[in-house]
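If you want the building blocks of each chain, they are given just below.
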Amino acid sequence: MTAASITCTDLTIRFPVYGADAKSLKKALARAVAVGGALGRHAGVTDVTALSNVNLSLKAGDRLGLIGHNGSGKTTLLRALSGAYEPDEGSIEVNGRIAPLLDLGLGIDPSATGYENIRLRCRIAGLSSKEIDARMDEIAEFTGLGPFLAMPVKTYSAGMKGRVAFAAATAVECDVLLMDEWIAVGDAEFQQIAHKRLLKLVERAGILVLATHEAPLLKLYCNKVMRMDGGVASEIVDIRKLDDLLAS
Amino acid sequence: MQTATHMLRTGQRGAGFQFRMAVRDLTGSFGRIGLSWSLAWHDVASRYRGSVLGPFWITLSMGLMVLGIGVLYASLFKLSLNEFLPYVALGIVFFGVMTGTINEGCDTFVLASGMLSQTSLPMLTFVWRTVFRNLINLGHHLVIVVGMLIFYGQWKVANVPLALLGVILMVLNASWLSLLAAVASARYRDIPQIIVSVMQFAMFMTPVFWLPDRFGKHQIFLDLNPFYHLLQSVRAPLLGQTVEVHSYVFLVAMAVIGWLVTFAIFANTRRRLVHYL
């Protein structure tokens, strides 16, 4: 198996943001009739350049922290790395199994139990039913939720949901872990075991890309840092230069 | 494990490239067809969580509708229950599956937005999920079908292999309609209401609970109604009647043209779909 790596070359992503008006067929038709289809056809649609010419090269063992203001393109970059967003220009190449932990709600069915949700998430991540059966005990233990796992997830607190999602998502051996902010969920005890698991993952020659606003988290998990600003990425620098980067 | 360990995405454009990517989505979704099946089972199981009868609740209400409409129309049109009740039962069950597949198609991508916006799962995986979910429902409703056929002795004349061919044609056609509904509804949020109205109108215009021989000189309206042919190809063999050859021609043509057009639309909108959601 080749070692994990991520390469982005001149990655540019633009996407239309549709307002409520643009999502209505009736209004679109009315506009087309009213103005002959030429003008105003794109009313309510705004084109956003979320990433422009991002170059990125990560190899096994890299733990990259993404910083930047809200809307600077951190999440878009993570979504692109997960394979959900396709580039408009440039390319993305990822070697290794990707585990996206961008949204706690991925594959979470509030009315289903914790067990069922773990099963569902693992199925989505590519495990077979048998593989899930084999790992269920271990995953259940990791969540530390015990008997609560048999209850519907809608009765959980945010921290409990985070435990289920994190346990299920990291149950699959992955080489590239993409995380957005919410690493901070869970109580101190869970943060500690989550921390151990993350470190283990990185030791396994994996790559971590973590988007966050919190400097302590960055210093805890990352050895490199990159700053996003309006879709433009800075150079990747060593974490020790974080303060310089924040100051600039 | 089936998860890709290498991913390459480029900003390449062009119809040929988009088409190849759509084909890759298609083969990818077949490669992970078990996932669609698991998701469909999960949907069915979670929808009926906590109810004793499970999905048979719908079967029960459908059975009552069959009885009610069957007895009412039989007496209105002075038909024999022996023939009319199985006819209505098959009509309601199979038309219900078609309607379900198409109407629920509207939600296919919208409900999957969480997964589509952070994984590289094939988009068609979710279309098959909707199709499978409705096939699982059909599996439950077969109780009504089998019950009627046995009770009224139609099983002696039923041509099951031919009916299965009809089911395959129905699934092939309903699935492209479902995909089309999914793409259109992702882009325009008022499409689902339109589709629901159209399907309701279609139910009244199609001989689901009335006999087509009453149509007389307006036969052309039946021949142009795709739902008539879809229903006929499944129902007629089970009732021991013949399906006209032109119905098969119509259905095959509809499946081929429908899939070609819908797949082209899918190929063109695929990379944008996730942004519509």
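Residues numbered from 1 in each chain as written. Chains lettered and ligands numbered in written order. Predicted model: local features only at pLDDT ≥ 70, side-chain atom pairs only at ≥ 80, totals over all residues.

Examining the overall build of chain B
Note the following rule: Each helix is a run of DSSP H or I of at least 4 residues and each strand a run of E of at least 2, with the numbering of both proceeding from the N terminus. For a compact globule the rule gives 2.2 Å times the number of residues to the power 0.38, and the radius of gyration it is set against comes from C-alpha atoms. As a rule, residues whose C-beta atom has 12 or fewer other C-beta atoms within 10 Å are exposed, those with 20 or more are buried, and those in between are partly exposed; C-beta atoms are placed from the backbone. Here contacts are defined at the residue level, using C-beta atoms placed from the backbone and a cut-off of 7 Å between them.
Summing up its helical and strand segments, chain B has twelve helices and one strand in all. When the helices and strands of chain B are placed in sequence order, the string is β-α-α-α-α-α-α-α-α-α-α-α-α. The C-alpha atoms of chain B give a radius of gyration of 20 Å, which matches the 19 Å a tight globule of 277 residues would have. With the C-alpha coordinates of chain B rotated into their principal frame, the extents come out at 65 × 45 × 35 Å. Looking at chain B as a whole, 40% of its 277 residues qualify as buried. Taking all contacts inside chain B whose residues are at least 6 apart in sequence as the whole, residues at least 24 apart take part in 78%.

Some points on the sheet that holds strand 1 (residues 5–18) of chain A
Rule in force here: Being paired, for any two strands, means DSSP has found at least two bridges between them. Only the stretch in contact is used when a helix axis is fitted, and all axes are lines through C-alpha atoms; the angle between N-to-C directions ranges over 0 to 180 degrees.
If you walk across this open sheet you meet the four strands as 2(A)-1(A)-4(A)-1(B), and the pairing is antiparallel. Taken across any chain shown, the strands that pair with only one partner, and hence form the sheet edges, are strand 2 (45–59) of chain A together with strand 1 (6–10) of chain B. Here the average twist between neighbouring strands, direction ignored, is 20°. With six bridges joining them, strand 1 of chain A and strand 4 (residues 89–95) of chain A adopt antiparallel strand pairing. Across the sheet, residue Ser 5 of chain A finds its bridge partner in strand 4 of chain A, namely Asn 95 of chain A. Against the sheet, helix 2 (residues 74–82) of chain A engages strand 1, strand 2 and strand 4 of chain A, with an angle of about 65° to strand 2 of chain A.

What about the interface of chain B and chain A?
In plain terms, the rule: Residue classes follow a fixed rule: Ala, Val, Leu, Ile, Met, Phe, Trp, Tyr, Cys and Pro count as nonpolar, while Asp, Glu, Lys and Arg count as charged, and any other residue, Gly among them, counts as polar.
Taken together, the contact between chain B and chain A spans 31 residues of the former and 40 residues of the latter. Going through the elements one at a time, strand 1, helix 2 (33–47), helix 6 (113–116) and helix 12 (245–276) of chain B are the ones with two or more residues in the side of chain B that touches chain A. Per-element accounting of the side of chain B that touches chain A gives the leading share, five residues, to strand 1 of chain B. A per-class count over the side of chain B that touches chain A returns eleven nonpolar, 15 polar and five charged. Two strands pair when backbone bridges link them, and strand 4 of chain A and strand 1 of chain B are joined in this way by five bridges, in the antiparallel orientation. Each residue of the ladder has a partner; that of Ile 92 of chain A, found in strand 1 of chain B, is Arg 9 of chain B.

A look at the nonpolar core
To be explicit about the condition: Think of a nonpolar core as buried Ala, Val, Leu, Ile, Met, Phe, Trp, Tyr and Cys residues chained together by C-beta atoms that fall within 7 Å.
In this structure, Val 176 and Leu 178 of chain A together with Ala 89 of chain B are the most contacted members of the largest nonpolar core, which totals 134 residues. Here the element with the most residues in this core is helix 4 (residues 81–105) of chain B; it accounts for 13 residues.

Some words on helix 2 of chain B
Just so we agree on the cut-off: Any helix carries an expected span of 1.5 Å times its number of residues minus one.
Across its 15 residues, helix 2 of chain B extends 21 Å between first and last C-alpha, which sits within 8% of the 21 Å expected from 1.5 Å per residue. Taken as a whole, helix 2 of chain B has its buried residues at Leu 35, Ser 36, Ser 38, Leu 39, Ala 40 and His 42 of chain B. Buried positions along helix 2 of chain B lie against helix 3 (114–124) of chain A together with helix 1 (15–31) and helix 7 (124–151) of chain B.

Some details on the confidence of the model for chain A
Residues and elements named next belong to chain A. The cut-off we apply is this: On a range of 0 to 100, pLDDT expresses the predictor's confidence in each residue.
Overall, the prediction assigns chain A a mean pLDDT of 80, with 89% of residues at 70 or greater. Between the elements of chain A, mean pLDDT differs from a low of 73, seen in helix 1 (residues 25–34), to a high of 89, seen in helix 2. Within the model, the stretch residues 36–41 combines pLDDT values under 50 with five contacts to residues more than four positions away or in other chains.

Quick notes on the packing of helix 2 of chain B against helix 7 of chain B
Residue and element names in this part refer to chain B. What counts is decided by this rule: By definition in this entry, angles of less than 35 degrees are roughly parallel, angles greater than 145 are roughly antiparallel, angles of 65 to 115 are roughly perpendicular, and the rest are oblique. For any helix crossing, the convention is left-handed if the near helix is rotated counterclockwise from the far helix by under a right angle, and right-handed if that rotation is clockwise.
Taken N-terminus to C-terminus, the directions of helix 2 and helix 7 make an angle of 50°; their axes are 8 Å apart at the nearest point. With respect to their mutual orientation, helix 2 and helix 7 come out oblique. With respect to the hand of their crossing, helix 2 and helix 7 are arranged in right-handed fashion. Between helix 2 and helix 7, the residues in contact are Ile 33, Leu 35, Ser 36, Trp 37, Leu 39, Ala 40, Trp 41, Asp 43 and Val 44 and Thr 125, Trp 128, Arg 129, Phe 132, Arg 133 and Ile 136, respectively. Of the residues contributing to the contact of helix 2 with helix 7, the split by class is ten nonpolar, two polar and three charged.

Thoughts on helix 5 (residues 158–171) of chain A
All names here are of chain A. The end-to-end C-alpha distance of helix 5 is 20 Å, a good match for the 20 Å that 14 residues give at a rise of 1.5 Å each. Here helix 5 lies mainly inside the structure; twelve of its 14 residues are buried. Residues of helix 5 that are buried: Met 160, Lys 161, Gly 162, Arg 163, Val 164, Ala 165, Phe 166, Ala 167, Ala 168, Ala 169, Thr 170 and Ala 171.

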